[in-house]
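# Observations on the model geometry
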Amino acid sequence: MSHADTALPVSLDRSAVTPLAVQLADALREAAASGHLRGGDRLPSTRALAGRLGVSRTVTSAAYEQLHAEGWIAGRHGSGTYVTTPPSSSAAEVPAPAVPAPEAATPPLLDLGPGTPWAAGLDRAAWRRAWRAAADPEPLVRAHRAGLPEYRATVSEHLLRHRGLAAGSVLATGGTTAAVVELAAAVLERGDVVAVEEPGYQRAVQAFRRAGMRVVGVPVDEEGLCPEEIPPGARAVYCSPAHQYPMGSRLSAARRVSLVERARASSMLVIEDDYDGELRFDVAPLPMLASLAPDVVVHLGTTSKILTPTLGAGWMVAPEAITSAVLAYRDSTGTRPSPAGQRVLYEFARNGDLGRHLRKLRREMAERRTLLAGALSSAGIPVRGDDAGAHLVVPFSSASVEAAVIASAERRGIRLDGLARHFAGEPSAHGVAIGYAGCSREALVAALPALVALLR
């Protein structure tokens, strides 16, 4: 065992897109895996190593923190930092393998992609109680084409209390994407032009395309969708005004008015995906498009993000002609949403458990966003997106940087979601969308040093 600092085979490339802290962690990990560093070897202090390499101490600290989290090194009080990886029994006799062992030692994947609910926050006792109660009624002989009456009443109350929408008629759906598929089949026609946010929700884009619609991307900026960019003759526009997916902006009040005026003037249908609509932290939500123009707006919601995709339950609030067309489509095809998830939501809401969960969810997501945004901003990393929802965006300068950061994060057991995949056409913005709902708060805190090092 060596008690003096071990000589380190480290070379950093300042011209590379890979952050210096990531390069340093890679080099030390490879040295430990190949046997150049052996279990018990002492490493220089972060200050001493920073001096040797001519980098800031922040770089060396971030690299050490990542290796410590992965189990490659450990600190001994008053003695320093030591390599913990035991050497191979034949490390001195055989050359290092062509593909070093770090890949096999990658920790379990921490998924920081957006769109994942905080399922761990559900009150398990209340959740089990709702499922047991949902199983009490007699089995249905025939499914309700519009959805269970008690479920539709529950959704109406939820929309009024949490979203300020007085819904005249609610139609049950199998979720947002399922509702888009129904609208494309029952209301729109092959060849119709449908405007979508660019970047935006690609499952909706694919649903329109597969139904024969011509999809046209409309730019999104800090105020959300740009209504003036919607092409003339568009039959419908699909948007997420509450918290744009994935860029995180909110459709401004002026643009909401402009959009519904444009829709009325040109007989254009507005499909409002209320993504993250229940999760605003800074100010009260702006009026929903369905409240401003119920005659031209189809409002879509789902339980997938506020509870869990397990239920497969969503809703649609639309003009009577639209709901009639959707019901006729269901009658002709025999398709309709499953009542099982509807029963569970009704039971979960009946005793106030849904309201309690939403209040807890807002508090938790607000605190997590403050934690994540604060750590990134304090490191000089720009953060984009309104103070809402369960994800934020870090912009990059190019596609190559986006790809490099995502790949580096994957090697360290962190999944980040690049913006490129959210474009229907050629990507015009680059960066990563970081979700903070799908993991535990402890896991998020533990990943922050490595995340900051990657993004810096």
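Remember, predicted model here, so these are calculated numbers, not experimental data.

### As for the packing of aromatic side chains
Under the criterion given, the structure shown has five aromatic pairs. A centroid spacing of 6.1 Å and a plane angle of 75° characterise the contact between W127 and W131, whose relative ring orientation is edge-to-face. Placement of the pair is W127 and W131 together in helix α4 (residues 124-134), with a separation of four residues, close to one helical turn. Here the aromatic rings of W127 and F348 are separated by 5.5 Å at their centres, their planes lie at 85°, and the arrangement is edge-to-face. Remark: F348 occurs in helix α11 (residues 339-350) and W127 occurs in helix α4; sequence separation between them is 221 residues.

### What about the nonpolar core?
L259, L416, I434 and L455 are the most contacted members of the largest nonpolar core, which totals 81 residues. By residue number, the principal contributor to this core is helix α12 (residues 353-378), which donates nine residues. There are two domains that each give this core at least three residues, and those are domain 2 (110-114 + 356-455) and domain 3 (123-351). Setting aside anything within four residues of it in sequence, one finds I434 in contact with L112, L372, L376, A390, H391, L392, V394, L416, L451 and L455. In this structure, V205, F208, A236 and M316 belong to the second largest nonpolar core, which totals 27 residues.

### Quick notes on the sheet that holds strand β10 (residues 269-273)
Spatially, β5-β12-β11-β10-β9-β6-β7-β8 is the arrangement adopted by the eight strands of the open sheet, whose pairing is mixed. Each edge of the open sheet carries a strand with a single partner, namely β5 (171-173) and β8 (224-225). Summarising the sheet, strand β11 (residues 297-302) and strand β12 (residues 314-317) pair through four bridges and their orientation is antiparallel. If you follow G301 over to β12, its bridge partner there is W315.

### As for helix α10 (residues 320-333)
Here α10 spans 20 Å end to end across 14 residues, near enough to the 20 Å set by a 1.5 Å rise per residue. All of the buried residues along α10 are I322, T323, V326, L327 and R330. For α10, the angular spread of buried residues about the axis comes to 130°, placing them on one side. Opposite the buried face of α10, by more than 90 degrees, sit the exposed residues E320, A321 and S332. Against the buried residues of α10 lie β5, α6 (176-186), β10, β11 and β12.

### Focus on the domain arrangement of the chain
The figure often quoted for interface size is the accessible area lost as the parts come together. Assigned domains of the chain: these are domain 1 (20-83), domain 2 (110-114 + 356-455) and domain 3 (123-351). One C-alpha centre belongs to domain 1, the other to domain 3, and the line joining them spans 50 Å.

### Digging into the layout of surface pockets
For the largest pocket, the calculated volume is near 650 Å³. Around the largest pocket, the lining comprises 31 residues; the ones closest to its centre are G115, Y201, R203, Y275 and K305. Within the residue set of the lining of the largest pocket, elements represented by two or more residues are α6, α7 (202-210) and β11. Broken down by class, the residue content of the lining of the largest pocket amounts to nine nonpolar, 13 polar and nine charged.

### Brief notes about the environment of A50
Positionally, A50 belongs in helix α2 (residues 46-53). For A50, a relative accessible area of 6% translates into the label buried. Measuring from C-alpha to C-alpha, the distance between A50 and S61 comes to 8.9 Å, with 11 residues separating the pair along the chain. Among residues more than four places away in sequence, those in contact with A50 are V55, S56, R57 and T60.

### Observations regarding helix α13 (residues 399-411)
For α13, spanning 13 residues, the distance from its first C-alpha to its last is 19 Å, which sits close to the expected 18 Å at 1.5 Å a residue. Elements in contact with the buried residues of α13: α1 (20-34), β13 (391-396), β14 (414-415), β15 (417-418), β16 (430-435) and α14 (441-455).

### Focus: the confidence of the model for the chain
For the chain, per-residue confidence averages 88 on the pLDDT scale, and 91% of positions sit at 70 or higher. Residue range residues 86-106 is modelled with pLDDT below 50. Its contacts to residues more than four positions away, or to other chains, number 17 contacts.

### Some points on the pairing of β12
Here β12 shows two buried faces, one formed by G314 and M316 and the other by W315 and V317. Note that β5 and β12 share three bridges and pair antiparallel. Counted as the bridge partner of L171 is M316 from β12.

### Re the pairing of strand β6 (residues 193-198)
Within β6, six of the six residues are buried, which leaves it mostly tucked inside the rest of the structure. Bridge analysis of β6 against strand β7 (residues 214-221) gives six bridges, and the strand direction is parallel. Bridge pairing in β7 links E197 to V218. Judged from the three bridges that link them, β6 and strand β9 (residues 236-239) form a sheet pairing that is parallel. Residue A195 lies in a different strand from β9, and its bridge partner there is V237.

Thresholds, definitions, all that
Residue indices follow the written sequence of each chain, beginning from 1 at its first position. It should be noted that, the model being predicted, local features are given only for residues of pLDDT at least 70 and side-chain atom pairs only at 80 or more, the latter also being counted only at that level, while totals for whole chains, interfaces and linings use all residues. Hydrogens are left out, water is left out, and the side-chain values use all remaining heavy atoms of the structure. Centres within 6.5 Å are what make two rings of Phe, Tyr or Trp a pair, Trp counting through its six-membered ring; a difference in plane orientation under 30 degrees is then read as stacked, over 60 as edge-to-face, and the rest as tilted. Each helix is a run of DSSP H or I of at least 4 residues and each strand a run of E of at least 2, with the numbering of both proceeding from the N terminus. Each nonpolar core is a collection of buried residues, namely Ala, Val, Leu, Ile, Met, Phe, Trp, Tyr and Cys, held together in the definition by side-chain atoms within 4.5 Å. Any residue under 20% of the maximum accessible area for its type is buried, any over 50% is exposed, and the rest in between are partly exposed; the area is computed with a 1.4 Å probe on protein chains only. Domain start and stop points were drawn from an automatic or database domain assignment. Any pair of residues with heavy atoms lying within 4.5 Å of one another is described as a contacting pair. Should DSSP find at least two bridges between two strands, the strands are taken to pair. Expected span of a helix, by definition, is 1.5 Å for each gap between consecutive residues, and there is one gap fewer than residues. Arc definition: it is the arc formed by the directions from the helix axis to the C-beta atoms. We place a 1 Å grid over just the protein atoms. Points where a 1.4 Å probe fits but has no way out form a cavity, open points with protein on both sides within 12 Å along at least 5 of 7 lines form a pocket, and any residue with an atom within 4 Å of a point lines it. Grid points are joined across faces, edges and corners, and a volume is the space filled by probe spheres set on the points. Throughout this entry, Asp, Glu, Lys and Arg are counted as charged residues, while Ala, Val, Leu, Ile, Met, Phe, Trp, Tyr, Cys and Pro are counted as nonpolar. The remaining residues, Gly among them, count as polar. As a per-residue measure, pLDDT reflects the predictor's confidence and takes values from 0 up to 100.

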